[in-house]
Amino acid sequence: MKRILVTYATMAGSTAEVAQAVGEEIAKSGFQVDVLPLSQVEGLEAFDGVVIGGPMIMGWHRAALRFLRQHRKALQQMPWAAFVMAMSLTQTGEMSLGNMRVTVDDKLPRPPQKEGRLNFRERYARLANYLRPVLLAARPAKPASIGVFGGRLEYGRLKWWAVLFVMMIIQAPPGERRNWPAIRAWAADLPALFEADEV
Ligand SMILES: Cc1cc2nc3c(=O)[nH]c(=O)nc-3n(C[C@H](O)[C@H](O)[C@H](O)COP(=O)(O)O)c2cc1C
């Protein structure tokens, strides 16, 4: 039986629940699935495929980027996917990065205030700006799939500096924006990628 790792970084816990749901969907196709925080992953040798998830925390979670850099060699040899949780995404019509197709939760993007002219915050929250560092960290390994979904933001779970950053830069209202049907639909397509023998 093929064994798949779903591993995640989190700051306030909500990405762990997303990783769990992704793992459940993959397991429905008959894979053995381990869902683990990044800190508990010792190596990728035991796995036939990997999913790496993390939230945007002023850039993709640093531990997730570090993980990609550390394991880029192993990831070149196996199919892998990444998911990104976010509270703010500018609607620019981008659905791909280079020749990489990206699945975007259609409830997440917000149109810019002025059409054709993005302000600082809207430029920051572009899909390409979020994903380029992810692809760079893994290079030359390439993900077979990337998903970008709405997350959860609760000020009560955060330190004061984090609240300040989110209020000033992200300007996303707190709340639950995880779109479970979109997350599960994306995850349900992953087994087909893991089934393929060639990377
Ligand atoms: C300090 C901080 C920085 C964040 N930066 C971004 C960001 O740059 N873009 C974005 O869309 N969301 C940003 N968010 C929102 C988180 O990505 C979102 O709340 C995510 O679901 C949190 O996941 P977690 O509960 O696993 O930590 C930020 C949140 C915090 C607390």
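Everything that follows concerns the structure shown earlier in this document.
Residues numbered from 1 in each chain as written. Predicted model: local features only at pLDDT ≥ 70, side-chain atom pairs only at ≥ 80, totals over all residues. Heavy atoms only, no water.

(A) Main features of the nonpolar core. Of all hydrophobic cores here, the largest spans 46 residues; its most connected members are Trp60, Leu68, Trp80 and Val148. Elements represented by at least two residues in this core include exactly β3 (49-55), α2 (62-76), β4 (80-86), β7 (100-104), α4 (127-138), β9 (145-150) and α5 (160-170). Among the elements that line this core, the one with the most residues is α4, at seven residues. Filtering out sequence-adjacent residues up to four positions away, Val148 remains in contact with Val84, Leu89, Val102, Thr103, Val104, Asp105, Leu108, Leu127 and Leu131. One finds Ala16, Val22, Phe31 and Phe83 within the second-largest nonpolar core, a separate group that totals 19 residues. (Core = buried A, V, L, I, M, F, W, Y, C linked by side-chain atoms within 4.5 Å. Buried < 20%, exposed > 50% of the residue type's maximum accessible area, 1.4 Å probe, protein only. Helix = DSSP H or I, 4+ residues; strand = E, 2+ residues; numbered from the N terminus. Contact = heavy atoms within 4.5 Å.)

(B) Representation of a nonpolar patch on the surface. A surface patch of nonpolar side chains, about 790 Å² in accessible area, is lined by Met11, Met58, Trp160, Trp161, Leu164, Met167 and Met168. Following the sequence through the fold, Met58 ends up in the loop between β3 and α2. (Patch = residues over 30% accessible without salt bridge, like charges linked within 9 Å, V, L, I, M, F, W, Y side chains within 5 Å. Areas by Shrake-Rupley, 256 points an atom, 1.4 Å probe, with all protein chains shown as cover. Salt bridge = Lys/Arg side-chain N within 4 Å of Asp/Glu carboxyl O.)

(C) Quick peek at helix α6 (residues 180-188). For α6, every residue scored as buried is listed here: Ile183, Trp186 and Ala187. When α6 is viewed along its axis, its buried side chains cluster within an angular range of 95 degrees and face the same direction. (Arc of directions from axis to C-beta.)

(D) Main features of unusual backbone geometry. That bond from Arg139 to Pro140 is cis: its omega, 10 degrees, falls within 30 degrees of zero. Topologically, Pro140 is positioned in the loop between α4 and β9. The phi dihedral of Met58 is positive, around 55 degrees, even though this residue is not glycine. The exposure class assigned to Met58 is partly exposed, which follows from its relative accessible area of 44%. The backbone phi angle of Gln171 is positive, close to 50 degrees, even though this residue is not glycine.

(E) Quick peek at the pattern of salt bridges. Evaluation of the coordinates by the stated rule reveals eight salt bridges. With its nearest N and O atoms 2.6 Å apart, the salt bridge here joins Glu17 to Arg178. Separated by 161 residues along the polypeptide, Glu17 in helix α1 (residues 14-27) and Arg178 in the loop between β11 (175-176) and α6 bring together distant segments of the chain. In this structure, the salt-bridge partner of Arg184 is Glu24, at a minimum N-O distance of 2.8 Å. Here Arg184 is found in helix α6, whereas its partner Glu24 is found in helix α1, with 160 residues between them in sequence.

(F) Expanded view of the site of the ligand. Residues in contact with the ligand amount to 24 residues; listed here are only the nearest, Thr10, Ser14, Thr15, Met56 and Tyr124. One of the backbone nitrogen or oxygen atoms of Met56 is found 2.6 Å away from an oxygen atom of the ligand. A distance of 2.7 Å is found between an oxygen atom of the ligand and a backbone nitrogen or oxygen belonging to Arg152. Mapping the ligand onto the cavity grids shows that it belongs to the largest cavity. At the level of secondary structure, the elements contributing two or more residues to the shell around the ligand comprise α1, β4, β10 (152-153) and α5. The element that contributes the greatest number of residues to the shell around the ligand is α5, accounting for four residues. (Near = heavy atom within 4 Å. Polar contact = N/O pair within 3.5 Å; in protein donor to acceptor, adjacent residues only side chain to side chain. 1 Å grid on protein atoms, 1.4 Å probe; cavity = no way out; pocket = protein on both sides within 12 Å on 5 of 7 lines; lining within 4 Å. Sits in = over half its atoms within 2 Å of the grid points.)

(G) Examining the side chain of Arg121 more closely. In this fold, Arg121 is placed in helix α3 (residues 120-124). Here Arg121 sits buried without a salt bridge, and the closest side chain of opposite charge, Glu122, lies 4.2 Å off (N-O distance). The residues touching Arg121, leaving out its near neighbours within four places in the chain, are Ser88, Thr90, Gln113, Ile169, Ile170 and Gln171. (Lys, Arg positive; Asp, Glu negative; His and termini not counted.)

By themselves, these observations are geometric and do not establish any function.
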